[in-house]
Amino acid sequence: SPACDKYSRLPGCPRDYSPVCGTDGKTYPNECVLCLSNSEENKNVQIYKSGMC
């Protein structure tokens, strides 16, 4: 599962591109963006695999 706690103190996400595929079928640019999306939309999307979906 994504390591969201390590991003919780940041004001935003790093801009690095290292895509992950979420269990919702969406490709996220990096793990942090997936975590941010989860917290903003109150979801619990996990990482299905590294790379694009």
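Relevant structure appears above.
Residues numbered from 1 in each chain as written. Predicted model: local features only at pLDDT ≥ 70, side-chain atom pairs only at ≥ 80, totals over all residues. Heavy atoms only, no water.

## Here we look at the environment of Arg 15
Here is step 1 of the chain: Locating Arg 15 in the fold gives a position in the segment before strand E1 (20-22).
Here is step 2 of the chain: Relative accessible area serves as the criterion here: at 82%, Arg 15 is assigned to the exposed category.
Here is step 3 of the chain: C-alpha of Arg 15 to C-alpha of Cys 32: the two residues are 17 residues apart in sequence and 9.5 Å apart in space. (Helix = DSSP H or I, 4+ residues; strand = E, 2+ residues; numbered from the N terminus. Buried < 20%, exposed > 50% of the residue type's maximum accessible area, 1.4 Å probe, protein only.)

## Observations regarding the state of the cysteines
Here is step 1 of the chain: Counted by the stated rule, this structure contains 3 disulfides.
Here is step 2 of the chain: Across the disulfide, Cys 21 is cross-linked to Cys 53 (sulfur-sulfur distance 2.1 Å). Looking along the S-S bond of the Cys 21-Cys 53 disulfide, the torsion reads about 110 degrees, which is the right-handed sense. In this pair, Cys 21 sits in strand E1 while Cys 53 sits in the segment after strand E3 (47-50), placing the two residues 32 residues apart along the sequence.
Here is step 3 of the chain: With relative accessibility at 3%, the residue Cys 21 sits in the buried group.
Here is step 4 of the chain: Given a relative accessible area of 44%, Cys 53 falls into the partly exposed group.
Here is step 5 of the chain: Here the disulfide map of the protein reads 1-5, 2-4, 3-6, the bonded cysteines being numbered as they appear in the sequence. (Disulfide = S-S within 2.5 Å.)

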